[in-house]
Amino acid sequence: IAEVQQIAQNIAQGVPVVVTSVGALPELAMDRDSVVPPHDHAALARALVDALSRGESYRSRVLEFARAKFDWSTVARAYGKLYEQVVAGEDGERVV
């Protein structure tokens with residue numbers, strides 16, 4: 001969990017991140033180029049060089065991505081939809 005929190009904090013500050021395709025980490029990536037297979041050192045090196053060479057416009061896009069995905073109102077809406085689905089049950093009939 002600490003890794004996910006650190007990555008989310010970096011994204012919220014506009015820092016481009018590179019993650020491995022393990023667990024929930026790909027959900028934090030802005031694009032496919034930022035996700036690499038675990039233990040693939042060459043892919044990691046390419047992704048890091050790419051992230052570092054993208055410049056200020058990419059940093060701005062990272063900030064926009066973070067606001068769109070991790071803004072509290074966005075998170076609250078997503079949880080609201082999830083709760084509605086749980087309450088409705090899988091067959092559409094209300095459980096509660």
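Since this is a predicted model, take the numbers as computed values, not measurements.

Caption draft 1: View of the confidence of the model for the protein chain. A residue-level look at the protein chain finds 92% of positions with pLDDT of 70 or above and a mean pLDDT of 87. For the protein chain, the element scoring lowest by mean pLDDT is helix α1 (residues 2-12), at 85; strand β2 (residues 35-36) scores highest, at 96.

Caption draft 2: Geometry of the side chain of S34. As for its placement among the helices and strands, S34 is situated in the loop between β1 (19-20) and β2. Judged by its relative accessible area of 4%, S34 falls in the buried class. At a separation of 2.8 Å, a polar atom in the side chain of S34 contacts the side chain of D31. Among the polar contacts listed, one links the side chain of S34 to the side chain of Y58, at a separation of 3.4 Å. Residue contacts for S34: discarding those within four places in its chain leaves V17, V18, V19, A29 and Y58.

Caption draft 3: Broad picture of the environment of R46. By secondary structure assignment, the location of R46 is in helix α2 (residues 41-53). Along the sequence, R46 and S34 sit twelve residues apart, while their C-alpha atoms lie 9.8 Å from each other.

Caption draft 4: Spatial organisation of the pattern of salt bridges. In total, this model carries four salt bridges according to the counting rule given. With its nearest N and O atoms 2.6 Å apart, the salt bridge here joins R54 to D50. Residue classification places D50 among the partly exposed residues on the basis of a relative accessible area of 28%. Shared partners join several salt bridges into a network, and the residues in it are D31, D33, D50 and R54.

Caption draft 5: Structural detail: unusual backbone geometry. Even without being a glycine, H39 presents a positive backbone phi close to 70 degrees. The class of H39 is exposed, set by a relative accessible area of 75%.

Caption draft 6: Main features of the packing of aromatic side chains. Enumeration according to the criterion identifies two aromatic pairs in this entry. Here the aromatic rings of Y79 and Y83 are separated by 6.1 Å at their centres, their planes lie at 35 degrees, and the arrangement is tilted. Taken as a pair, Y79 and Y83 lie in helix α4 (residues 72-88) at a separation of four residues, close to a single helical turn. A relative accessible area of 45% means that Y79 is categorised as partly exposed.

Caption draft 7: Main features of the nonpolar core. One finds I7, I11, V17, V19, L25, L28, A29, Y58, V62, F65 and A66 forming the largest nonpolar core, which totals eleven residues. Looking at this core, the elements that each hand over two or more residues are α1 and α3 (56-70). No other element matches α3, which puts four residues into this core. Setting aside anything within four residues of it in sequence, one finds I7 in contact with V17, V19, L25 and L28.

Cut-offs applied
- Residues numbered from 1 in each chain as written.
- Predicted model: local features only at pLDDT ≥ 70, side-chain atom pairs only at ≥ 80, totals over all residues.
- Heavy atoms only, no water.
- pLDDT = per-residue confidence, 0-100.
- Helix = DSSP H or I, 4+ residues; strand = E, 2+ residues; numbered from the N terminus.
- Buried < 20%, exposed > 50% of the residue type's maximum accessible area, 1.4 Å probe, protein only.
- Polar contact = N/O pair within 3.5 Å; in protein donor to acceptor, adjacent residues only side chain to side chain.
- Contact = heavy atoms within 4.5 Å.
- Salt bridge = Lys/Arg side-chain N within 4 Å of Asp/Glu carboxyl O.
- Phe/Tyr/Trp six-rings, centres within 6.5 Å; stacked < 30°, edge-to-face > 60°.
- Core = buried A, V, L, I, M, F, W, Y, C linked by side-chain atoms within 4.5 Å.

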